[in-house]
Amino acid sequence: MYDFKVHSKIENIIANKFPENSVEHNLFFSRFIANASAIHSLFNELYGECENRHLFFDETIEIIVGAFINRSLQLRKKDINKLQKENWFLSNELAGMSLYVDRFCGNISNLKEKIPYFKELGVNVLHLMPLFESPEGESDGGYAVSDFRKVYKHFGSLNDLQHLQQSMSEEDMYLMIDIVLNHTSHKHEWGEKAKAGDKKYQDFFYMYDDRKTPDEFEKSMPEIFPESSPGNFTWVKECNKWVMTVFHHYQWDLNYTNPEVFIAMLDTIFFYSNIAIDILRIDA
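The rules behind these values
Residues numbered from 1 in each chain as written. Predicted model: local features only at pLDDT ≥ 70, side-chain atom pairs only at ≥ 80, totals over all residues. Heavy atoms only, no water. Helix = DSSP H or I, 4+ residues; strand = E, 2+ residues; numbered from the N terminus. Rg over C-alpha atoms; globule rule 2.2 N^0.38 Å. Buried < 20%, exposed > 50% of the residue type's maximum accessible area, 1.4 Å probe, protein only. Contact = heavy atoms within 4.5 Å. Areas by Shrake-Rupley, 256 points an atom, 1.4 Å probe, with all protein chains shown as cover. Lys, Arg positive; Asp, Glu negative; His and termini not counted. Charge placed at Lys NZ, Arg CZ, Asp CG, Glu CD. Polar contact = N/O pair within 3.5 Å; in protein donor to acceptor, adjacent residues only side chain to side chain. Pairing = 2+ DSSP bridges. Axes fitted to C-alpha atoms, helices over the stretch in contact; angles between N-to-C directions.

**Student:** Before we move on, could you go through the overall build of the protein and cite the residues and values that matter?
**Tutor:** When helices and strands are tallied, the protein shows 12 helices and 11 strands. Scaling as 2.2 N^0.38, a compact globule of 284 residues should have a C-alpha radius of gyration of about 19 Å, and the protein matches this with 21 Å. C-alpha atoms of the protein, sized along the principal axes, occupy 55 × 55 × 30 Å. Out of the 284 residues in the protein, the part that is buried amounts to 47%. If you take every contact in the protein between residues at least 6 apart in sequence, the share linking residues at least 24 apart comes to 67%. For the protein, the computed accessible surface area is about 15,500 Å², with 50% contributed by carbon and sulfur atoms. Each charge sign in the protein was given a centre, from 29 positive and 43 negative side chains, and these centres are 2 Å apart.

Shown next, in the form of C-alpha coordinates:
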(Lines give C-alpha, C1' and ligand atoms only; values in the text may rest on other atoms or scores of the structure.)
Protein backbone atom coordinates (compact mmCIF):
# COMPACT_ATOMS: atom_id res chain seq x y z
CA MET A 1 0.00 0.00 0.00
CA TYR A 2 1.34 3.44 -0.88
CA ASP A 3 1.29 5.85 2.04
CA PHE A 4 2.29 9.28 0.77
CA LYS A 5 2.99 10.82 4.19
CA VAL A 6 5.13 7.95 5.44
CA HIS A 7 6.99 7.52 2.17
CA SER A 8 7.62 11.26 1.84
CA LYS A 9 8.97 11.37 5.38
CA ILE A 10 11.40 8.54 4.60
CA GLU A 11 12.36 10.14 1.29
CA ASN A 12 13.20 13.44 3.02
CA ILE A 13 15.29 11.77 5.72
CA ILE A 14 17.21 9.70 3.18
CA ALA A 15 17.74 12.72 0.90
CA ASN A 16 19.23 14.67 3.81
CA LYS A 17 21.42 11.79 4.91
CA PHE A 18 22.57 10.80 1.42
CA PRO A 19 23.73 13.88 -0.49
CA GLU A 20 25.58 11.53 -2.83
CA ASN A 21 23.93 8.78 -4.83
CA SER A 22 24.96 5.15 -5.30
CA VAL A 23 23.59 1.78 -6.29
CA GLU A 24 23.61 0.63 -2.65
CA HIS A 25 21.63 3.71 -1.57
CA ASN A 26 19.05 3.19 -4.30
CA LEU A 27 18.61 -0.46 -3.36
CA PHE A 28 18.22 0.44 0.31
CA PHE A 29 15.73 3.19 -0.53
CA SER A 30 13.68 0.80 -2.69
CA ARG A 31 13.58 -1.88 0.02
CA PHE A 32 12.68 0.64 2.70
CA ILE A 33 9.84 2.18 0.69
CA ALA A 34 8.54 -1.29 -0.25
CA ASN A 35 8.21 -2.16 3.44
CA ALA A 36 7.47 1.27 4.91
CA SER A 37 3.69 0.90 5.09
CA ALA A 38 3.98 -2.44 6.86
CA ILE A 39 6.52 -0.99 9.33
CA HIS A 40 4.27 2.01 10.00
CA SER A 41 1.21 -0.20 10.49
CA LEU A 42 3.02 -2.51 12.92
CA PHE A 43 4.42 0.45 14.84
CA ASN A 44 0.92 1.90 15.20
CA GLU A 45 -0.42 -1.44 16.43
CA LEU A 46 2.10 -1.28 19.25
CA TYR A 47 2.26 2.41 20.02
CA GLY A 48 -0.67 4.07 18.25
CA GLU A 49 -2.12 5.26 21.57
CA CYS A 50 1.16 6.69 22.88
CA GLU A 51 1.62 10.41 23.27
CA ASN A 52 4.18 11.75 20.76
CA ARG A 53 3.93 8.53 18.74
CA HIS A 54 4.78 10.45 15.55
CA LEU A 55 8.06 11.61 17.08
CA PHE A 56 8.87 8.06 18.17
CA PHE A 57 8.16 6.76 14.67
CA ASP A 58 10.40 9.47 13.19
CA GLU A 59 13.14 8.36 15.58
CA THR A 60 12.65 4.75 14.47
CA ILE A 61 13.13 5.80 10.84
CA GLU A 62 16.22 7.82 11.76
CA ILE A 63 17.74 4.77 13.47
CA ILE A 64 17.08 2.52 10.48
CA VAL A 65 18.57 5.03 8.03
CA GLY A 66 21.47 5.78 10.37
CA ALA A 67 22.30 2.09 10.67
CA PHE A 68 22.57 1.84 6.90
CA ILE A 69 24.75 4.96 6.69
CA ASN A 70 27.11 3.49 9.28
CA ARG A 71 27.24 0.12 7.51
CA SER A 72 30.54 -0.62 5.82
CA LEU A 73 30.77 -1.00 2.04
CA GLN A 74 31.91 -4.60 2.54
CA LEU A 75 28.76 -5.42 4.53
CA ARG A 76 26.51 -3.64 2.02
CA LYS A 77 27.93 -5.83 -0.73
CA LYS A 78 27.41 -8.89 1.45
CA ASP A 79 23.77 -7.80 1.94
CA ILE A 80 23.27 -7.74 -1.83
CA ASN A 81 24.75 -11.22 -2.16
CA LYS A 82 22.34 -12.45 0.52
CA LEU A 83 19.40 -10.82 -1.25
CA GLN A 84 20.37 -12.55 -4.49
CA LYS A 85 20.18 -15.86 -2.64
CA GLU A 86 16.74 -14.85 -1.30
CA ASN A 87 16.01 -16.89 1.86
CA TRP A 88 19.67 -17.80 2.30
CA PHE A 89 19.16 -18.62 5.98
CA LEU A 90 16.80 -21.48 5.06
CA SER A 91 19.31 -23.19 2.79
CA ASN A 92 19.96 -26.87 3.40
CA GLU A 93 23.60 -26.09 2.66
CA LEU A 94 23.91 -24.58 6.13
CA ALA A 95 25.16 -26.67 9.05
CA GLY A 96 25.48 -25.06 12.46
CA MET A 97 27.17 -25.63 15.78
CA SER A 98 26.40 -23.95 19.12
CA LEU A 99 29.09 -23.60 21.75
CA TYR A 100 30.26 -21.75 24.85
CA VAL A 101 33.51 -20.05 23.87
CA ASP A 102 35.25 -20.47 27.22
CA ARG A 103 34.39 -24.16 27.50
CA PHE A 104 35.30 -24.88 23.90
CA CYS A 105 38.63 -23.11 23.58
CA GLY A 106 39.06 -20.45 26.25
CA ASN A 107 38.52 -17.22 24.35
CA ILE A 108 37.49 -15.69 21.02
CA SER A 109 41.05 -15.42 19.69
CA ASN A 110 41.54 -19.15 20.18
CA LEU A 111 38.24 -19.77 18.42
CA LYS A 112 39.64 -18.16 15.28
CA GLU A 113 42.31 -20.88 15.17
CA LYS A 114 39.57 -23.55 15.17
CA ILE A 115 38.12 -22.50 11.80
CA PRO A 116 39.93 -25.32 9.90
CA TYR A 117 38.39 -27.80 12.35
CA PHE A 118 34.88 -26.43 11.70
CA LYS A 119 35.53 -26.60 7.96
CA GLU A 120 36.59 -30.23 8.31
CA LEU A 121 33.32 -30.97 10.11
CA GLY A 122 31.29 -29.17 7.43
CA VAL A 123 30.14 -26.50 9.89
CA ASN A 124 29.50 -23.11 8.26
CA VAL A 125 27.26 -21.46 10.88
CA LEU A 126 28.75 -20.82 14.30
CA HIS A 127 26.35 -19.94 17.14
CA LEU A 128 28.18 -18.46 20.12
CA MET A 129 26.39 -18.51 23.44
CA PRO A 130 26.23 -15.19 25.39
CA LEU A 131 29.38 -13.13 25.11
CA PHE A 132 28.49 -9.71 26.41
CA GLU A 133 29.33 -8.12 29.72
CA SER A 134 27.48 -9.45 32.76
CA PRO A 135 28.27 -9.23 36.49
CA GLU A 136 30.25 -11.95 38.25
CA GLY A 137 27.93 -14.09 40.35
CA GLU A 138 24.81 -12.58 38.77
CA SER A 139 25.30 -13.42 35.11
CA ASP A 140 22.72 -16.19 34.52
CA GLY A 141 25.22 -17.72 32.12
CA GLY A 142 25.64 -14.40 30.32
CA TYR A 143 21.92 -13.65 29.97
CA ALA A 144 21.94 -10.88 32.60
CA VAL A 145 23.63 -8.32 30.37
CA SER A 146 25.11 -5.19 31.93
CA ASP A 147 26.46 -3.78 28.66
CA PHE A 148 25.06 -4.83 25.27
CA ARG A 149 28.05 -3.33 23.47
CA LYS A 150 30.99 -4.70 25.41
CA VAL A 151 32.30 -8.27 25.23
CA TYR A 152 32.88 -9.82 28.65
CA LYS A 153 36.62 -9.47 29.30
CA HIS A 154 36.99 -13.21 30.00
CA PHE A 155 36.16 -13.90 26.33
CA GLY A 156 38.23 -11.11 24.78
CA SER A 157 37.10 -7.87 23.16
CA LEU A 158 34.76 -6.51 20.52
CA ASN A 159 37.74 -6.28 18.16
CA ASP A 160 38.43 -9.98 18.73
CA LEU A 161 34.84 -10.76 17.78
CA GLN A 162 35.07 -8.67 14.61
CA HIS A 163 38.36 -10.30 13.62
CA LEU A 164 36.75 -13.71 14.12
CA GLN A 165 33.85 -12.70 11.89
CA GLN A 166 36.21 -11.45 9.17
CA SER A 167 38.11 -14.74 9.20
CA MET A 168 34.86 -16.70 9.07
CA SER A 169 33.53 -14.56 6.22
CA GLU A 170 36.65 -15.33 4.19
CA GLU A 171 35.72 -19.01 4.56
CA ASP A 172 32.03 -18.40 3.63
CA MET A 173 30.93 -19.03 7.21
CA TYR A 174 28.18 -17.20 9.11
CA LEU A 175 28.32 -15.93 12.70
CA MET A 176 25.33 -16.11 15.03
CA ILE A 177 24.92 -14.80 18.58
CA ASP A 178 22.15 -14.54 21.15
CA ILE A 179 20.52 -11.18 21.76
CA VAL A 180 18.84 -10.75 25.13
CA LEU A 181 15.84 -8.52 24.46
CA ASN A 182 13.60 -9.26 27.41
CA HIS A 183 15.62 -8.02 30.36
CA THR A 184 18.90 -6.49 31.55
CA SER A 185 21.11 -6.87 34.58
CA HIS A 186 20.18 -4.48 37.38
CA LYS A 187 23.76 -3.23 36.97
CA HIS A 188 23.10 -2.10 33.40
CA GLU A 189 23.36 1.68 32.98
CA TRP A 190 19.56 1.91 32.68
CA GLY A 191 19.09 0.02 35.93
CA GLU A 192 21.63 2.13 37.78
CA LYS A 193 19.92 5.33 36.60
CA ALA A 194 16.53 3.93 37.62
CA LYS A 195 17.87 3.16 41.11
CA ALA A 196 19.14 6.73 41.33
CA GLY A 197 15.59 8.00 40.77
CA ASP A 198 15.70 8.91 37.06
CA LYS A 199 12.05 8.65 35.98
CA LYS A 200 12.95 8.20 32.32
CA TYR A 201 14.86 5.02 33.08
CA GLN A 202 12.45 3.80 35.73
CA ASP A 203 9.96 3.72 32.84
CA PHE A 204 12.33 1.38 30.98
CA PHE A 205 11.24 -1.28 33.49
CA TYR A 206 8.01 -2.35 35.24
CA MET A 207 8.41 -0.42 38.50
CA TYR A 208 5.73 0.17 41.16
CA ASP A 209 5.52 2.12 44.42
CA ASP A 210 3.60 -0.60 46.27
CA ARG A 211 2.43 -4.21 45.93
CA LYS A 212 -1.03 -3.48 44.51
CA THR A 213 -0.23 -4.04 40.82
CA PRO A 214 2.47 -6.69 41.42
CA ASP A 215 -0.01 -8.71 43.50
CA GLU A 216 -2.50 -8.62 40.61
CA PHE A 217 0.21 -9.88 38.26
CA GLU A 218 1.19 -12.65 40.65
CA LYS A 219 -2.32 -14.14 40.49
CA SER A 220 -1.67 -15.42 36.97
CA MET A 221 2.09 -15.24 36.38
CA PRO A 222 3.99 -18.54 36.70
CA GLU A 223 7.24 -18.66 38.65
CA ILE A 224 10.24 -19.57 36.47
CA PHE A 225 12.63 -20.44 39.31
CA PRO A 226 10.41 -20.83 42.41
CA GLU A 227 13.17 -22.30 44.58
CA SER A 228 16.04 -19.92 43.82
CA SER A 229 14.05 -16.83 42.82
CA PRO A 230 10.46 -17.03 44.10
CA GLY A 231 7.92 -14.48 42.91
CA ASN A 232 8.09 -12.16 39.94
CA PHE A 233 8.93 -8.86 41.64
CA THR A 234 11.89 -7.62 43.68
CA TRP A 235 12.07 -4.72 46.13
CA VAL A 236 14.66 -2.10 45.13
CA LYS A 237 15.76 -0.34 48.30
CA GLU A 238 17.72 2.36 46.45
CA CYS A 239 14.54 3.88 44.98
CA ASN A 240 11.87 2.26 47.19
CA LYS A 241 10.06 0.53 44.36
CA TRP A 242 9.08 -2.96 43.24
CA VAL A 243 10.49 -4.06 39.87
CA MET A 244 9.39 -7.00 37.71
CA THR A 245 12.04 -9.75 37.77
CA VAL A 246 10.55 -12.83 36.13
CA PHE A 247 13.77 -14.86 35.89
CA HIS A 248 16.12 -13.78 38.70
CA HIS A 249 16.07 -10.91 41.18
CA TYR A 250 19.05 -9.37 39.39
CA GLN A 251 17.39 -9.46 35.93
CA TRP A 252 14.98 -6.57 35.44
CA ASP A 253 12.30 -7.05 32.79
CA LEU A 254 12.21 -4.38 30.08
CA ASN A 255 8.95 -2.51 29.60
CA TYR A 256 8.10 -2.65 25.89
CA THR A 257 4.91 -0.69 26.38
CA ASN A 258 7.38 2.21 26.42
CA PRO A 259 8.42 3.02 22.81
CA GLU A 260 11.77 4.35 24.05
CA VAL A 261 12.68 0.79 25.09
CA PHE A 262 11.77 -0.53 21.65
CA ILE A 263 13.87 2.16 19.95
CA ALA A 264 16.87 1.59 22.24
CA MET A 265 16.83 -2.16 21.63
CA LEU A 266 16.30 -1.71 17.88
CA ASP A 267 19.46 0.42 17.92
CA THR A 268 21.23 -2.46 19.71
CA ILE A 269 20.11 -4.89 17.02
CA PHE A 270 21.59 -2.65 14.33
CA PHE A 271 24.78 -2.31 16.36
CA TYR A 272 25.22 -6.10 16.24
CA SER A 273 24.37 -6.14 12.56
CA ASN A 274 26.98 -3.50 11.81
CA ILE A 275 29.75 -5.39 13.59
CA ALA A 276 28.94 -8.09 11.02
CA ILE A 277 26.81 -10.54 13.01
CA ASP A 278 24.85 -12.52 10.40
CA ILE A 279 22.13 -14.08 12.57
CA LEU A 280 20.60 -13.08 15.90
CA ARG A 281 18.84 -15.67 18.05
CA ILE A 282 16.18 -13.81 20.02
CA ASP A 283 16.38 -15.12 23.56
CA ALA A 284 13.37 -15.30 25.87
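Read on, since the account is not over.
**Student:** Now, about the side chain of His-127: what can you tell me, with residues and values included?
**Tutor:** With respect to the helices, strands and loops of the structure, His-127 is situated in strand S2 (residues 125-128). With relative accessibility at 8%, the residue His-127 sits in the buried group. There is a polar contact of 2.8 Å between the side chain of His-127 and the side chain of Ser-98. Within polar-contact distance, the side chain of His-127 engages the side chain of Asp-178 at 2.5 Å.

**Student:** I'd like to hear about the sheet that holds strand S5 (residues 174-179), residue by residue, with values.
**Tutor:** Taken together, 4 strands build an open sheet; the order of strands is S1-S2-S5-S11 and the sheet is parallel. Edge positions in the open sheet fall to strand S1 (96-99) and strand S11 (279-282), since each of these has one partner strand only. For this sheet, the mean inter-axis angle between neighbouring strands, taken without regard to orientation, is 25°. Here S1 runs beside S2; their pairing, made up of 4 bridges, is parallel. Looking at the pairing, Leu-99 lines up with Leu-128 of S2.

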